[in-house]
Amino acid sequence: MKKLLTGNEAVALGAYEAGVHFAAAYPGTPSTEILENIAPYKEIIAEWSPNEKVAFEAAFGASIAGARSLAAMKHVGLNVAADPFFTAGYTGVNGGMVLVVADDPGLHSSQNEQDSRYYAKHAKVAMLEPSNSQEAKDMVKKALEISEKYDTLVMMRMTTRVCHSKSLVEVGERQEVELRPYVKNLQKYYVAPAVAKQLHVKLEERLKKLEEFSNETELNYIEWNDRKIGVISSGVAYEYAREVFGRNASYLKLGFTYPLPSDMIRNFAREVEVLYVVEELEPYIEEHVKALGIECIGKERIPNIWELNPEIIATSLFGEKTPTIDYDKSVVVNRPPTLCAGCPHRGFFYELGRRKNVMITGDIGCYTLGGADPLNAMDTTICMGASISVGHGAKKVLDRYNKNMRVVSVIGDSTFFHTGINSLMDVVYNKSNIITCILDNRVTGMTGHQDNPGTGYTLQGEMTEMVDIPSIVRALGIKHVRTVNPLKINELKEAFDWAFELNEPSVIITRYPCALKKLSEFDKKEFEPLKGKCEIDSNKCIGCKRCVNTGCPAIQFIKSERKSRIDKVQCVGCNLCVQVCPVNAISKVGE
Amino acid sequence: MRETKSILLVGVGGQGTILASKILSDGLVEAGYDVKMSEIHGMSQRGGSVSTQVRYGDKVYSPVIGKGQTDILVSFEAMEALRYLEYLKPEGRVVVNDYKIPSAPILMAKADYPEDVIGTIKKKAKTHVLDAAKIAMELGNIKAMNIVLLGALVKAMGLTDIDWEEAIRNNVKDKFVDINIKAFHAGMDAVELAEA
């Protein structure tokens, strides 16, 4: 039976069919749905980890214990997990282990567009690159077999368009695989310097065998057509190239891309007149081809920024622009993403944005939108957990050189668990007087409502201990801690007044569920759901735009009337606008 | 050999473009086509501009299309049609919902919603206009707007031979099947059949 699946769904199915026993991940676009789709399989232990390093290590531990395991993360997550990743490259595995890494060419939902293929080369770990969902499924199984046969970690590199595109996949059965026996082996897993020294020798021997495999495996294959043009490609770029060149070119399609098949590349190049290397982002394959002394056309024509598509490839290689409709696009107004109606972050940024002479260091999540117009309440967003540590470093220097400026660091609940805790420890240890705000909306919001250590539930729906943020914060040594309801502007204002006066670091926790969250049993006990709608009395409205400047998508300023209006379909009755209106023109109806 | 066709569905996060694309893809698979569909998740869903691409034929390679490569552009919101018009082939068609959702700069009165968007599009491409919101509301649920547009797309694309009711049944909850099937037919009735 064939099913239309996304690449991520196909990876999950592949893990199931290949007998995977353990899988772990931290959510991150475009990789999130891999673990979400593994979770329903009761045969597999599936977990959300607090961060990618933990996910990798947990999966690695399962492999050492003899299980087939999988870890999944987005490209920047591998930066966090890089430490164990490199060492696992040395040790090899017991049960097969596959690390799925999802790059985001085009930065649909990321802070950079790094090409993670260089990580495989850097850590000397075998790498596979699927082009579509069927390959994604098949390659998980293949990766585990390679992992066990060659005693190596295998990285499977995906990209947004492989993860989030659907194509037909043949559905099979699960093949149960027995746990391999665990045998204590210090020469393999006890990576003290003397052991590691020997492991490096073994790693180089393993790479030679893997290169032989790369030249023989069906994962790398040639499709002969016209031999005037030869195209080497991998991943989704192969599908684009196939669309552009059709049968007018021959293809060397690479599915196993570290180590690259040098012999195969030489043989293919010899048979064709002109050689193109078509790949998204960096010239990873091209550099290897050129290092072999083979001439080819690649990144001198094809962009190494943003994602590709058939039209971009055709235009960049042949200079022929595809005909399009000519019209004035300048009248089209931007449609940036916004915080949802009723978002508990809105009032927080509205109030914080009113404070003068403040550096606001932000973090990664929905609340990153607090830096956008009209809230404009953020100076930096760098990477997961950086809000607090960047704020710390900035504040130390500002204080030493007598620059009178307060620093407020803003981080979400899940991001605090991810890497914020270490940063807050730094604040206490190295004594900076910053105000850390933890926006606890009771869920991992941006990636689509995943549970986290603070929600009281696991990925597979079991109830678990709820990690308590105020207790962590106090245990780290923060003496001044307040929890407020962010739907109440006065509570926010008082908390800021209090914190700004302190000469020691403080933490303000805002605690209210995401407006879109389906409330859990725990939430229902703690929070009253919002009711009613807000309404503007146009006779009282003075057109001051304060309500509009909260950035609520339910409120529109009508220019012709010079008054605001609320869209009742969108309003969820959070009452923020009622609180900011200076003339009491807004009231709640239908409660 | 059936040539690969490309459909681009665009709208605003939360309008149900993904469900419409899913039903569309399932129907095309049942009809024996090779199908690829691509969508973008994450940040853009927070009220931002969204797009889904569906490609079908005997053998489809690329899941995405570039500028000037779309056979039919289905826009769930008027201004979004203009944003993505450059992706249409000059001889392609547009199905556009006569429905406006102001974006953030417009809500804040920092920009104006462009004037006569539909008129502009009509001058540039063969266009089917329908008020899917009104049709859906008359059927009792504005949320069925996406399926009204799906019906219009199917008619405009000449894909009426496929068992769409089955595809709808397979993708929506039981209690919403009836209204969605009605919405689908109402959408079909709202546009003329494509010329062969």
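Thresholds applied
- Residues numbered from 1 in each chain as written.
- Chains lettered and ligands numbered in written order.
- Predicted model: local features only at pLDDT ≥ 70, side-chain atom pairs only at ≥ 80, totals over all residues.
- Heavy atoms only, no water.
- Helix = DSSP H or I, 4+ residues; strand = E, 2+ residues; numbered from the N terminus.
- Rg over C-alpha atoms; globule rule 2.2 N^0.38 Å.
- Buried < 20%, exposed > 50% of the residue type's maximum accessible area, 1.4 Å probe, protein only.
- Domains from an automatic or database assignment.
- Buried area = accessible area lost by both parts, 1.4 Å probe.
- Polar contact = N/O pair within 3.5 Å; in protein donor to acceptor, adjacent residues only side chain to side chain.
- Nonpolar A, V, L, I, M, F, W, Y, C, P; charged D, E, K, R; others polar.
- Axes fitted to C-alpha atoms, helices over the stretch in contact; angles between N-to-C directions.
- Parallel < 35°, antiparallel > 145°, perpendicular 65-115°, else oblique.
- Left-handed = near helix turned anticlockwise from the far one by under 90°.
- Contact = heavy atoms within 4.5 Å.
- Phe/Tyr/Trp six-rings, centres within 6.5 Å; stacked < 30°, edge-to-face > 60°.
- Expected span 1.5 Å × (residues − 1).
- Bend = angle between axes of the 7 residues up to and from the residue.
- Arc of directions from axis to C-beta.

(A) The arrangement of the overall build of chain B in detail. Scanning chain B from terminus to terminus reveals eight helices and six strands. Going from N to C terminus, chain B has its helices and strands arranged as β-α-β-β-β-α-β-α-α-β-α-α-α-α. Its C-alpha atoms give chain B a radius of gyration of 16 Å, within 12% of the compact-globule value 16 Å for 196 residues. Along the first, second and third principal axes, the C-alpha atoms of chain B reach 50 × 40 × 35 Å. Here chain B, with 196 residues, has 65% of them falling under the buried criterion.

(B) Representation of the domain arrangement of chain A. Residue and element names in this part refer to chain A. Assigned domains of chain A: these are domain 1 (2-216), domain 2 (220-318), domain 3 (345-526) and domain 4 (533-589). Using C-alpha coordinates to define each centre, domain 1 is positioned 32 Å away from domain 3. For the domain 1 and domain 3 pair, buried surface summed over both sides reaches about 1300 Å², with 56% attributable to carbon and sulfur atoms. Of all residues in domain 1, the largest losses of buried area upon contact with domain 3 belong to Tyr26, Trp48 and Gln111, amounting jointly to 37% of the total for that side. Run the count over domain 1 and domain 3 and you get seven residue pairs in polar contact (both at pLDDT 80 or more). Among the elements that line the side of domain 1 that touches domain 3, the one with the most residues is strand 3 (residues 45-48), at four residues. Each residue belonging to the side of domain 1 that touches domain 3 can be placed in one class, and the counts come to eleven nonpolar, five polar and four charged.

(C) The arrangement of the environment of Val125(A) in detail. Structurally, Val125(A) is set in the loop between helix 6 (117-123) and strand 6 (126-128). Along the backbone, Val125(A) and Val572(A) are 447 residues apart, and their C-alpha atoms lie at a distance of 50 Å.

(D) Main features of the packing of helix 11 (residues 235-245) of chain A against helix 14 (residues 310-318) of chain A. Residue and element names in this part refer to chain A. Across the interface, helix 11 lies against helix 14 with an axial gap of 9 Å and an inter-helix angle of 60°. In terms of their interaxial angle, helix 11 and helix 14 are classed as oblique. Our pair here, helix 11 against helix 14, has a crossing hand that is right-handed. Two secondary-structure elements touch here, helix 11 through Tyr240, Ala241, Glu243, Val244 and Phe245 and helix 14 through Pro310, Ile313, Ala314, Leu317 and Phe318. Considered class by class, the residues forming the contact of helix 11 with helix 14 number nine nonpolar, no polar and one charged.

(E) Focus on the packing of aromatic side chains. Residue and element names in this part refer to chain B. Counted under the stated rule, the structure contains 23 aromatic pairs over all chains. Between the aromatic rings of Trp164 and Phe184, the centroid separation amounts to 6.2 Å while the plane-to-plane angle is 35°, which identifies the pairing as tilted. A residue pair is termed long-range when its members are at least 10 positions apart, and Trp164 in helix 7 (residues 164-169) and Phe184 in helix 8 (residues 174-189) qualify at 20 residues. Of the two residues, Trp164 and Phe184, both sit in the buried class.

(F) Just helix 7 (residues 133-150) of chain A, in detail. Residue and element names in this part refer to chain A. Its 18 residues place the ends of helix 7 25 Å apart at the C-alpha level, agreeing with the 26 Å of an ideal helix rising 1.5 Å per residue. When the local axis directions of helix 7 are compared, the greatest deviation, roughly 25°, occurs at Met139. The set of residues buried in helix 7 consists of Ser133, Glu135, Ala136, Lys137, Met139, Val140, Ala143, Leu144, Ile146, Ser147, Glu148 and Tyr150. Capping the start of helix 7, Asn132 holds a side-chain oxygen 3.3 Å from the backbone nitrogen of Gln134, two or three residues further along. Downstream of helix 7 by a residue or two, Asp151 has a phi angle that is positive, lying close to 55°.

(G) Fine view of helix 5 (residues 132-139) of chain B. All names here are of chain B. Along helix 5, the positions that sit buried rather than exposed are Ala132, Ala133, Ile135 and Ala136. Seen along its axis, helix 5 keeps its buried residues to an arc of 165°; they face one direction. Of the residues in helix 5, the exposed ones pointing more than 90 degrees away from the buried face are Met137 and Glu138. Where helix 5 is buried, its residues meet strand 5 (88-97), strand 6 (126-130), helix 6 (145-156) and helix 8.

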